Each structure stands twice: as structure tokens, then as C-alpha cells.
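In case you want the letters, here they are:
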Amino acid sequence: MECQEDMKRAVTSKVDHVGDGLYKNRLLSYLKKQLPFMIKKLTPVRKNVFIVDSVKGVFILKGFSSYHRLKLQEAFTSSLIKEGFTKTYSFINYAIEPPLIFENIYFGCIEYIEHAEENFTYTEHIDRIDGLALLSEYHLVSEKLVQRYMTLIPQFKQLEKWQERTDQFISHLSLIKYFIEKEVLHEFLQWADWALKGMKNEKLFLQQGKRVILHGDVAHHNFLRGKNDVLYLLDFDLISIGNQQADYLQYANRILPAINWSFAELEKMPNIKPLLSEKGFLYALAYPTDIFREWNRAVRQKMYVNPMLMRKLLNMTIDQYQSRKRFIEKIKKEIEE
């Protein structure tokens, strides 16, 4: 999810990014009846996410597909804060007659965090280190909440998730092949097959380690550097129960393009370095999760008709190909040794 981007665009966005103006106007009319204070401006950011400027101040209005999902997010963020993890946002109950429900979407009001001038980015070493440290802090607290949320949050299943992602990618090949050379596509599929087989052989590793509530989406936009210089962790829509190395694996995957697929740079990362001696973790690093995820999304959302979006996707796929290939060759040597 992209809560940081939501907050960053709060005062700069002048374009109705989501749907038509009529929907926004209907929602605004609904809010004026349901909130006990004046709304000055409603700014769409993305689907079912709005920035609300009111006499009470600025806050985020975020929609959820069900009442259960809304209440789970409210409860979980509250639990985190009560257990001592305060580097996130709070939900605020503003509605006169809760819940806020408009056209079958349940809306929650979320605290707006003022951001620093500089965005958090994985291209900066200090941000990569700080983000990893914050994720570790989050794990220390979320570990205490596992039993409480055992029946409310799904179990994380890495192998099943990636096998499904691979199957989807293969089902989209008839279209993707028009953008990527056959030889390159073949190599991506080979890497995926090799990685998944290796992970199955090392599946005990995937079941070891501290059980926590995983964040599940450690993309850079889910970290926000506050105006007070505090780093915040945002958006818990993809939480699940699993072993903490799953979040560290995703973090490693996310930062690899920023460090030019350097194994040596990865070894400098606390919490990740010890995992680089584990074969299961190395096999998982070789899986081209970002390629399969983004191409599946591009096909599903028909992004291939947008030249700008396709340029970014082809950069990830083709321009980084040789660096990725050298990285995987390094992984294979580490496993053989």
C-alpha cells in the first residue's frame, strides 16, 4: 500500500486521480452529514484513499472492502501502539454514527503524519539501515501479538505464494513475449524453477526462526520519515503470521536494485547478513519475485497500453538483467561452497 505517497501528495495533488468528480462530490456530501465538523477539501489520491482537509486538521480517509478488514486494521495498529510500537499511525473515530460506509466501502479515518522534506528511499544507505532497524523493532512487538491474532490473520506460506505467482506469469506469457526476448524469458523461468526446487529442499529453514506478525509489504513507500525525523512504518493490509526471515527476504529483494544487485552490499545489512549463510534464504533470493509480480500486475491491470509504465517495467526487466544474472551466479557459488 502507498500511505507515504498518500501523505506526500496531500497538499500538492490537484488532479482527481480516482474515478470521476461526481463520486467525489457524493462522498463529500456523505461526509458532511457523518462528521461533526466542517470539511474544507477532499483530495483523491488513489482508489478509495483520500486526503481530507478539515477544521479539525488534515487526515487520511481510507476505504476497506469489508467491516472486518477495517476493524482488524484499527485493532492491530492500536495493539501495536499499546505494546510500545508507536512509530506508526492511529485510526481516529470521527463518525457521528460509525461505521462510515459509502457505496459498500467501509472508510476509516487515519492520522496524518507530517513528512520530512526528503522522502525515504532505498537508494540512500542510511535509509536502508534505518528501515531495517525499524522492521526489527516492529518484529519485537508483533511477536507478542501472535497468539492474540492467531485466528484473525492468515498464516504466511512463501512457497505456495511464489508457485502461484509463477503459474500466473506463465499464463501471461502469450502477451509478455511481445515485450521480452525469448532467451531472457527462458532464463527468468529457469531461475524461478531452480529457486523453488531449492526452497522445497530447504523447507525446514522456512519454518524456523521467530514467529511474528509479518508486515508483508516492505516497499519503500511504506516507510515515512516524519518532520520530527522519526521513521514510521505504515500500511498493514498484508499482515500474516510467519517467521521473521520472510520480511527480511522481502526487504532484501526490495533493496537489491538500489545496491546494483551487490552481494557484498547485502552482507553489510544487519539482520540480513546472518541469513546469507542459509541455503534456503539464498535460493529464495534467486527467485525473480519482482519481475513476476510486476508483469502479472501489468497484464491484470492492462498497464501495457501506458508507455511510461512500460518503460519502467522494461527497465527493471532488461536494463537490470545482467546485474541480476551476476548476482544469481554469485548465489550459486555460495550454495556450492
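Residues numbered from 1 in each chain as written. Predicted model: local features only at pLDDT ≥ 70, side-chain atom pairs only at ≥ 80, totals over all residues. Heavy atoms only, no water.

Colleague: Sorry if this is basic, but what is going on with the overall build of the chain here?
Modeller: Looking only at helices and strands, one finds 14 helices and ten strands in the chain. Computed over the C-alpha atoms, the radius of gyration of the chain is 21 Å, within 12% of the 20 Å expected from 2.2 N^0.38 for a compact globule of 337 residues. By principal-axis analysis of the C-alpha atoms, the chain measures approximately 65 × 45 × 40 Å. Looking at the 337 residues of the chain, the share that counts as buried comes to 51%. (Helix = DSSP H or I, 4+ residues; strand = E, 2+ residues; numbered from the N terminus. Rg over C-alpha atoms; globule rule 2.2 N^0.38 Å. Buried < 20%, exposed > 50% of the residue type's maximum accessible area, 1.4 Å probe, protein only.)

Colleague: Just to check I follow, could you spell out the nonpolar core for this structure?
Modeller: Soluble globular proteins tend to pack their nonpolar side chains together in the buried interior. Formed by 87 residues in total, the largest nonpolar core has its most connected members in Y138, I213, Y251, L266, I272 and L285. When neighbours within four sequence positions are excluded, Y138 is seen to be in contact with F76, L80, F85, I213, L214, H215, L233, F236, I239 and D247. Core analysis: the next-biggest nonpolar cluster, separate from the first, contains 20 residues, L35, F37, F50 and F107 among them. (Core = buried A, V, L, I, M, F, W, Y, C linked by side-chain atoms within 4.5 Å. Contact = heavy atoms within 4.5 Å.)

Colleague: Would you explain the packing of aromatic side chains in this entry?
Modeller: For any pair of aromatic rings, geometry is given as the distance between the ring centres together with the angle between the planes. For the coordinates displayed, the defined rule picks out 31 aromatic pairs. Seen in terms of ring centroids, F76 and Y149 are 5.6 Å apart; in terms of plane orientation they differ by 85°. Their pairing is edge-to-face. With F76 in helix 3 (residues 67-82) and Y149 in the loop between helix 4 (125-142) and helix 5 (158-171), the pair connects residues that are 73 residues apart, well separated along the chain. Among the residues examined, F76 registers a relative accessible area of 0% and is labelled buried. Geometrically, the ring pair formed by W162 and Y287 is stacked, given 4.4 Å between the ring centres and 10° between the ring planes. (Phe/Tyr/Trp six-rings, centres within 6.5 Å; stacked < 30°, edge-to-face > 60°.)

Colleague: What's the story with unusual backbone geometry in this structure? I'm lost.
Modeller: Backbone geometry follows two general trends: most residues other than glycine have a negative phi, and most peptide bonds adopt the trans configuration. Cis geometry is adopted by the peptide bond preceding P99, which originates at P98 and carries an omega value of 0°. Tracing the backbone through its elements, the reader meets P99 in the loop between strand 4 (91-92) and strand 5 (100-102). Even without a glycine there, the phi angle at E103 is positive, about 50°. Along the polypeptide, E103 turns up in the loop between strand 5 and strand 6 (105-111). The exposure class assigned to E103 is partly exposed, which follows from its relative accessible area of 44%. The backbone of K302 shows a phi angle near 55°, a positive value even though the residue is not glycine. As for its position among the elements, K302 is in the loop between helix 12 (289-300) and helix 13 (307-319). Accessibility expressed as a relative area gives 54% for K302, which makes it exposed.

Colleague: Explain helix 3 to me, please; I cannot follow it from the model alone.
Modeller: Each α-helix winds once per 3.6 residues, and so residues spaced three or four apart point in a common direction. Given a rise of 1.5 Å per residue, 16 residues ought to cover 22 Å, and the 22 Å separating the end C-alpha atoms of helix 3 matches this to within 8%. For helix 3, the secondary structure elements touched by its buried residues are strand 3 (57-64), strand 4, strand 6, helix 4 and strand 7 (211-214). One or two steps after helix 3, the chain reaches G84, where phi turns positive at roughly 110°. (Expected span 1.5 Å × (residues − 1).)

Colleague: Help me understand the pattern of salt bridges, please; the structure alone is not making it clear to me.
Modeller: When the charged atoms of two side chains lie near each other, side chains of opposite charge can form a pair. Evaluation of the coordinates by the stated rule reveals 19 salt bridges. As a salt-bridge pair, E265 and K268 come within 2.8 Å of each other at their nearest N and O atoms. Relative accessible area serves as the criterion here: at 25%, E265 is assigned to the partly exposed category. According to the relative accessible area criterion, K268 is exposed, its value standing at 51%. (Salt bridge = Lys/Arg side-chain N within 4 Å of Asp/Glu carboxyl O.)

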